Structure formats: structure tokens, C-alpha cells
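Here is what each chain is made of, one letter per residue.
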Amino acid sequence: MTADRVYNVLFLCTGNSARSILAESILNREGKGRFKAYSAGSQPKGEVHPLALDTLRALGYESTGSSSKSWEEFAEAGAPQMDFIFTVCDNAAGEACPVWIGHPMTAHWGVEDPAAVEGTLVEKGQAFSQAARYLKNRIMAFVSLPLASVDKLALETQLRAIGTMEGTTNSRGDVA
């Protein structure tokens, strides 16, 4: 890891319609050019949840250009080589992932699915806001890591620890 390059990060979730979309947009801004974030799903829904887009706009993050896509796109020849891959839902963490070129570092950062929340529009909106807050907290911890000066084992340990922060759905911190 060097300080003078842009790191590619892939956020994975099953449907790629909410959590991974939120994380992609948040990292693309909070990474301040040091990171390029992407998102994908094992079984993409084909469209981004409207409340994910509303939440991003309300928080001042980019919401245009987001799309629900398969993780297979990132395992094909010519795809960007990932440096980091984070699963943000427990289902995706337990699935057999494609073989990733370059052996990126992986960790599980599970957050409850806001799209699964039943209730009023206000309650659903609160669930999306909470998921965005949990993801932003993890992302801010991630972007503050001294990537160029930490050895791989210590970095992997720190990435897993980030996955156990407030709002986790899985205290084990399993790898993606």
C-alpha cells in the first residue's frame, strides 16, 4: 500500500439496492479522491431503492448514476482491480463470491437492511438514515487508517474491527 495511489473499494450486498449503494456514495465523497468506491450484488434487484437515493440527497451525497448491478461485472477481464471488498449484509457474506483478481483485502461490515423495514414512510426513512450513519462511521474509520504505514496483518485486523462497530449485524467480523 502506498499513499500516492487511489484505492478501489467494492461494497457487496445481495440486492445492491440500499446498503451497498449508500456505502459507495459515502466513500466516494469522504475518501477525498484517495478511494474509488463501487457497489454490486450477488442477486441485484435491478433498481436502487428510492429511499436510498432520498437519504443520499438529504445527507448531501451524490445520488445520480447509482445502479443495481451484479458482482460478476467486477470479476470479469477489464474490470477495475479491487484493493478492498466489504460485504455490508450477512447474506452476501455467506455466499460463494467470485474469484477476485489481485486478492483484495476483505471484511464483513454487516448493517441491518433498511429496505426490509415495515412501517410508515417515516419509520422506513429513519431506517435508511440509521444505516447510512452506521456505514459512514465505518467508512470514516476506514479512511483514517494509515494504509501506507501499516502491515497487511495489522490492516486486516483493523478492517475486521471496523465491522464490529455500532450497528453491526454480525459480531464475528467474518471476511467477505
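Quantities reported herein were computed from a predicted structural model and do not represent experimental measurements.

So, on to the sheet that holds strand β1 (residues 7-13). Taken in spatial order, the 4 strands make up an open sheet running β2-β1-β3-β4, and their pairing is parallel. Every interior strand has two partners, whereas the edge strands, β2 (35-41) and β4 (105-108), have only one. The sheet shows a mean angle of 20° between the axes of neighbouring strands, direction not considered. Sitting on the sheet, helix α5 (residues 152-162) touches β3 (84-87) and β4, and the angle it makes with β4 is about 25°.

Burial along β3 is two-sided: the face carrying Phe84 and Phe86 and the face carrying Ile85 and Thr87 are both buried. Where β1 meets β3, 4 bridges bridge the pair, whose relative direction is parallel. By the bridge assignment, Leu12 is partnered in β3 with Thr87. Pairing of β3 with β4, which is carried by 4 bridges, proceeds in the parallel orientation. Bridging from a neighbouring strand, Ile85 pairs with Thr106 of β4.

Here the focus is the confidence of the model for the protein chain. Close inspection of predicted coordinates is inappropriate in any region flagged by low pLDDT. In this model, the protein chain carries a mean pLDDT of 87, and residues with pLDDT of at least 70 account for 88%. Considering each helix and strand of the protein chain separately, the mean pLDDT is smallest for helix α3 (residues 90-94), with a value of 59, and largest for helix α1 (residues 19-30), with 97. Predicted confidence for residues 171-176 stays below pLDDT 50, and this span has 17 contacts to residues more than four positions away or in other chains.

So, about the environment of Gly31. Along the polypeptide, Gly31 turns up in the loop between α1 and β2. Separated by 109 residues in sequence, Gly31 and Met140 have C-alpha atoms that sit 8.3 Å apart. Setting aside anything within four residues of it in sequence, one finds Gly31 in contact with Ile26 and Val143.

For the rest of this paragraph, the subject is the pattern of salt bridges. Under the criterion given, the structure shown has 6 salt bridges. For the salt bridge of Asp83 with Arg5, the shortest nitrogen-to-oxygen distance reads 3.0 Å. One end of the pair, Asp83, is in the loop between α2 (50-58) and β3; the other, Arg5, is in the segment before β1, and 78 residues separate them in sequence. Owing to a relative accessible area of 11%, Asp83 belongs among the buried residues under this scheme. Residue Arg5 is classed as partly exposed on the basis of its relative accessible area of 33%.

Moving on, we come to the nonpolar core. Counting residues in each nonpolar core, the largest one holds 40 residues, and the members touching the most others are Phe11, Leu27, Phe84, Phe86, Trp109, Phe142 and Leu159. Residue assignment for this core shows that the elements contributing at least two residues are β1, α1, β2, α2, β3, β4, α4 (121-143) and α5. Not counting residues up to four positions away in its chain, the partners in contact with Leu159 are Phe84, Phe86, Met105, Ala107, Trp109, Phe142 and Leu145. Membership of the second largest hydrophobic core comes to 8 residues, among which are Leu12, Tyr38, Ala40 and Phe74.

Here we take up the packing of aromatic side chains. Inspection of the entire model under this criterion finds 11 aromatic pairs. The interplanar angle of 65° and the centroid separation of 6.0 Å between the aromatic rings of Tyr7 and Phe84 together place this pair among those described as edge-to-face. Residue Tyr7 is located in strand β1, and its partner Phe84 is located in strand β3; the two are separated by 77 residues in the primary sequence. There is no split in this pair, since Tyr7 and Phe84 are both buried. Ring centres of Phe35 and Phe142 lie 4.9 Å apart, and the angle between their planes is 50°; on these two criteria the pair is classed as tilted. A residue pair is termed long-range when its members are at least 10 positions apart, and Phe35 in strand β2 and Phe142 in helix α4 qualify at 107 residues. Take Phe35: its relative accessible area is 3%, and that puts it in the buried class. Judged by relative accessible area, which is 0%, Phe142 ranks as buried. Among the aromatic residues, ring-to-ring pairing joins Tyr7, Phe11, Phe35, Phe84, Phe86, Trp109 and Phe142 into one connected group.

The rules behind the values
- Residues numbered from 1 in each chain as written.
- Predicted model: local features only at pLDDT ≥ 70, side-chain atom pairs only at ≥ 80, totals over all residues.
- Heavy atoms only, no water.
- Pairing = 2+ DSSP bridges.
- Helix = DSSP H or I, 4+ residues; strand = E, 2+ residues; numbered from the N terminus.
- Axes fitted to C-alpha atoms, helices over the stretch in contact; angles between N-to-C directions.
- Contact = heavy atoms within 4.5 Å.
- Buried < 20%, exposed > 50% of the residue type's maximum accessible area, 1.4 Å probe, protein only.
- pLDDT = per-residue confidence, 0-100.
- Salt bridge = Lys/Arg side-chain N within 4 Å of Asp/Glu carboxyl O.
- Core = buried A, V, L, I, M, F, W, Y, C linked by side-chain atoms within 4.5 Å.
- Phe/Tyr/Trp six-rings, centres within 6.5 Å; stacked < 30°, edge-to-face > 60°.

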